[in-house]
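Here is how the chains run, residue by residue.
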Amino acid sequence: MVQIPDEHGYFGNYGGRFVPETLMPALIELNQSYQMVKKDEKFQNELKYYLSKYVGRKSPLYFAQGLTEYCSGAKIYLKREDLNHTGAHKINNTIGQLLLAKKMGKRRVIAETGAGQHGVATATAAALFGFECTVYMGKEDVRRQALNVFRMKLLGAEVVAVDSGSCTLKDAMNEAIRDWVANVENTYYCIGSVAGPHPYPEIVRDFQSVIGHEAREQILEETGRLPDYVVACVGGGSNAMGMFYPFLEDQQVKMVGVEAAGYGLDSGKHCATLTKGKPGVLQGSYSYLLQDEHGQVVPVHSISAGLDYPGVGPEHSYLKDINRVDYTSVDDNEAVKAFQLLCKTDGIIPALESAHAIAETVKLASRLNDNQIVIVNLSGRGDKDVNSMAEIMGVEA
Amino acid sequence: MNNRIDNCLTQLKEDKEKAFIPYIAAGDPNLNTTVELVKAMADAGADIIELGVPYSEPMADGPIIQKAVQRSLEQGTTLPKILDSVKLIRQTKQVPLVLMSYYNPILQYGLEDFVKDAVQTGVDGLIVPDLPVEECHQLFSLAVEEGLYLIQLVAPTTSNSRLKQVVRYSRGFVYCVSVTGVTGVREESNSKICDLTGEVKDATSLPIGVGFGVSTPEQATDMAQYCDAVIVGSAIVKEIENNPDNAINIVSKLVADFKSALAS
């Protein structure tokens, strides 16, 4: 497999470390520590132990009979990350990073969160391993993801509502970075996506790759062949990167990353960074970015808090430019419909983020024939979204 | 080619004086006021003036400068308009001007165009708080070619071996970040700043500026023992926030207070 990123943290033209000098020594230290544990069998075994006994891996690869019948096209398999402890793929990464933080002797951990899934996963791993934990969350997201806020507090984390900028994920990340700048000596910053400065895009991808490795093995075992397509939603892009990475060398497997088109691609209010953005620097890395001609980040919108982000991980930018992954988008309405559809066809309530991937899968599978296979990453469960859905549907939850 | 920053700091050194460098966010409360503020600060004794280029994601800044940047962006401030303002300032004032900008606005302007236009309008130096030396090579070469001084930051977390690398890419002076943290007003100054400035002195003959968290004339005097220039941002920006209509008088007085404290 091609070794990316390079030693400077670049995936082709994208990535790098665009951070204040105060943080550079910490990033260099983090990279050294990570490269050590990456090869350390004892660390990897410990990680495997927690992923198996605590998170509940492997997650099933489920043949979605109902959705397949509905589309009457390709066979659809769901990678059930929603069945992980805490209800999303995010825990794969937080267990890994907090084991690393423990090795590095840090006592305190901070995180940013959008939908709250990464915040909950960080708070969970912090409780498990005995870290002090602070989670930054945009004020707007605190409102629309109230359930997750309470879960984090139950788990012993302090939740800081961020009241700057658009009061969403990117502002939470700015505030987490400011905290890290001030407390870098004792604090580990647990980034939840494949974004941010090097080595985070690599670390998060590696810890999430368990998704794709398992899915690849499971589909081979069950059908004796590789899938024709794998599909995943892309905000920052961690669940997609985790799913795609182990399939990158399998040239016959096509990949589709699904961004949030919000109110529509022409509305100016969406999060389709790879579709509509152009390269720039945001929060530590050079990647596609939704920005105006003067390089100011523009306001974005998605119904899904986890996708409501104007940037994207640098490896996705690279995979777009080399045409290895096809990036497309699904708007709020399509996501809401897919959310309701999966509830009825298969008895599964998906996260609104994952519902974007489901919506694209329905379109895709309907065009294919029943000899073909699509794997879609069901990155999280939808319990956190039921209040928003009730609001949208005009009923009391 | 003579750079105004060199001329200024060399002269002050001969006179055994310390430089005072105020920072304001360009376009706060609007660019017309910025032009007047710069002129007034120069008259009040500012030796070099730092102009912040607003960016929507100011991750190295505390709440005071974040709000100023927000006000400036709401006024429609852009980098090209800031360069226009520099041109206006240069019609009457020769005070050295340093732009402090996050990387993305410069990147989107185009690095080569930016460096040329900045020098042509009369900008002397540039600080990019999210561009560590590892990422600065392209901008550094362009800046060296055109005579624009790229000023590097060093922090209390910077190791001695790293510091030696960083200062090699600095021109004009080296900016010592006095605290491990973002910009802002702080009650206490860092008593360990002498460790950092001492290491910089051993590594380079460039003058040393100290900033971040310096907010009173007393703190400035305290810092001045260890450096050649003191940089004050949030304490000045706060006055502009509190007195948008009378900013010029109040900021002039504050700058004069800092300057006289440094002279005493």
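Quick note: structure is the one above.
Now for a description of the structure that goes with this document. (Residues numbered from 1 in each chain as written. Chains lettered and ligands numbered in written order. Predicted model: local features only at pLDDT ≥ 70, side-chain atom pairs only at ≥ 80, totals over all residues. Heavy atoms only, no water.)

## A few points about the state of the cysteines
Here, the word disulfide means a covalent bond between the sulfur atoms of two cysteines.
Residues and elements named next belong to chain A.
Phase 1 of the analysis: Scanning the model with the defined rule gives zero disulfides over all chains in all.
Phase 2 of the analysis: Summary of cysteine pairing: Cys133 is not part of a disulfide, and the nearest cysteine sulfur, belonging to Cys190, is at 8.5 Å.
Phase 3 of the analysis: For Cys190, a relative accessible area of 0% gives the class buried. (Disulfide = S-S within 2.5 Å. Buried < 20%, exposed > 50% of the residue type's maximum accessible area, 1.4 Å probe, protein only.)

## Thoughts on the packing of aromatic side chains
What characterises a pair of aromatic rings is the spacing of the ring centres plus the angle enclosed by the ring planes.
Residues and elements named next belong to chain A.
Phase 1 of the analysis: On inspection of all chains with the given rule, the structure shows 15 aromatic pairs over all chains.
Phase 2 of the analysis: Ring geometry for Phe63 and Tyr77: centres 5.3 Å apart, planes at 50°, overall tilted. Of the two residues, Phe63 is situated in strand E3 (residues 61–63) and Tyr77 in strand E4 (residues 75–80); the sequence distance between them amounts to 14 residues.
Phase 3 of the analysis: Directly above the aromatic system of Tyr245 lies the positively charged group of Arg205, at a separation of 4.0 Å from the ring centroid.
Phase 4 of the analysis: Taking the ring centre of Tyr288 as reference, the NZ or CZ of Lys320 above it sits at 5.5 Å. (Phe/Tyr/Trp six-rings, centres within 6.5 Å; stacked < 30°, edge-to-face > 60°. Helix = DSSP H or I, 4+ residues; strand = E, 2+ residues; numbered from the N terminus. Lys NZ or Arg CZ within 6 Å of the ring centre and 35° of its normal.)

## Considering the pattern of salt bridges
Phase 1 of the analysis: On inspection of all chains with the given rule, the structure shows 38 salt bridges over all chains.
Phase 2 of the analysis: Across the pair Arg57 of chain A and Glu214 of chain A runs a salt bridge whose closest N-O atoms are separated by 2.8 Å. Of this pair, Arg57 of chain A sits in the loop between helix H2 (41–55) and E3 while Glu214 of chain A sits in helix H10 (residues 210–223), placing them 157 residues apart in sequence.
Phase 3 of the analysis: The residue Arg90 of chain B makes a salt bridge to Asp124 of chain B at a minimum N-O spacing of 2.9 Å. With a gap of 34 residues between them, Arg90 of chain B in helix H4 (residues 79–90) and Asp124 of chain B in the loop between helix H6 (111–121) and strand E4 (125–127) connect regions that are remote in the sequence.
Phase 4 of the analysis: Note on Asp124 of chain B: relative accessible area 4%, which makes it buried.
Phase 5 of the analysis: When salt bridges that share partners are traced, they join Lys38, Glu202, Arg205, Asp206 and Glu315 of chain A into one network. (Salt bridge = Lys/Arg side-chain N within 4 Å of Asp/Glu carboxyl O.)

Interpretation note: all reported values are geometric properties and have no functional meaning in isolation.
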